[in-house]
Amino acid sequence: MPNRIQLDESWLDLLQGEFDKTYFAELKDFLAQEKVSGKIIYPPEKDIFAALNACQLDDIKVAIIGQDPYHGQGQADGLCFSVRKGIKLPPSLSNIYKELETDLSIQPAPHGDLSRWAKQGVLLLNATLTVEATKAGSHQNKGWEPFTDAIIEGISRSNNHLVFMLWGGYAKRKGKKINRNRHLILESGHPSPLSANRGYWFGNRHFSKCNAYLINNGKQPIHWSVD
């Protein structure tokens, strides 16, 4: 983790208290020790807070909650489910694109860069912001969860009429921090092949439901095409 955390002022105001808590100091110590021991951590340090830096707090309209970053070489870019152009599409993202095509007739993109979503106010937040190379879930229960809980609870409190997309059991548990009377919660199975092929993902039509809700509440819909 960078020694000096670079975040937009709106996020610093929301999260400043978290940086001073014991769990966050322990998280920083853990990541520092991982680095000293020579372990490869994803995403790169400069991208750990990419999801927050990609859209200001007041601009958020949608939050998609993932589990932890991709753990393969070159995959994680700091935005959940996203990979940089030139990186092979992960299976979960391929299934997201398939649902987009069914729901909104958007042809699957040849790349996995979801930054265009983020620029429109889609917070692409993993519950755990780092992972050790090749070891899925390796940085769970090290301190990231209360930090991302604070983010979710904070945006639920600070904004009105947001859409939260909670895909899979892990994301649904994060939904406990959301005011369900104030926002739209869309839940389904995870887009990973294991869940999607069992019928828990395809056909959820979350993207059209999201846009209908935004329009009904006087907000611009999301252009879900990434090209």
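Look a little higher up for the structure.
Structural notes, computed from the coordinates. Just so it is clear, the structure is predicted and the values come from calculations on it, not from any experiment.

Omega for the peptide link from Y42 to P43 comes to -5 degrees, which places this bond in the cis form. As for its placement among the helices and strands, P43 is situated in the loop between β1 (41–42) and α3 (50–53). Although it is not a glycine, N141 sits at a positive phi angle of roughly 65 degrees. Along the polypeptide, N141 turns up in the loop between β4 (131–132) and α6 (144–158).

Before going further, it helps to spend a moment on α6. Spanning 15 residues, α6 covers 21 Å between terminal C-alpha atoms, matching the ideal 21 Å at 1.5 Å per step. Among all positions of α6, only W144, E145, F147, T148, D149, A150, I151, I152, G154, I155 and S156 are buried.

Let us now look at the pattern of salt bridges. This structure, assessed with the given rule, holds nine salt bridges. Between D47 and R84 there is a salt bridge; the shortest N-O distance is 2.6 Å. Taken together, the residues D47 in the loop between β1 and α3 and R84 in the loop between β2 (62–66) and α4 (91–104) connect sequence positions 37 residues apart. Overall, the relative accessible area of 9% leaves D47 in the buried class. Note that D149 is salt-bridged to K174, the shortest N-O span being 2.7 Å. Remark: K174 occurs in helix α7 (residues 169–174) and D149 occurs in helix α6; sequence separation between them is 25 residues. The pair formed by D149 and K174 is uniform in burial state, with each residue classed as buried.

Mapping H183 onto the fold places it in the loop between α7 and β6 (184–188). Judged by its relative accessible area of 5%, H183 falls in the buried class. A distance of 2.8 Å separates a polar atom in the side chain of H183 from the backbone oxygen of S156. Beyond its immediate stretch of four places on either side in the chain, H183 contacts I155, S156, N159, N160, H161, L162, F164, I178 and Y213.

Secondary-structure assignment places I40 in the loop between α2 (22–36) and β1. Put simply, I40 and S188 are 148 residues apart on the chain and 32 Å apart in space, counted from C-alpha to C-alpha. Once residues within four sequence positions are removed from consideration, I40 is found in contact with V131, E132 and A133.

Rules used in this analysis
Residues numbered from 1 in each chain as written. Predicted model: local features only at pLDDT ≥ 70, side-chain atom pairs only at ≥ 80, totals over all residues. Heavy atoms only, no water. Helix = DSSP H or I, 4+ residues; strand = E, 2+ residues; numbered from the N terminus. Expected span 1.5 Å × (residues − 1). Buried < 20%, exposed > 50% of the residue type's maximum accessible area, 1.4 Å probe, protein only. Salt bridge = Lys/Arg side-chain N within 4 Å of Asp/Glu carboxyl O. Polar contact = N/O pair within 3.5 Å; in protein donor to acceptor, adjacent residues only side chain to side chain. Contact = heavy atoms within 4.5 Å.

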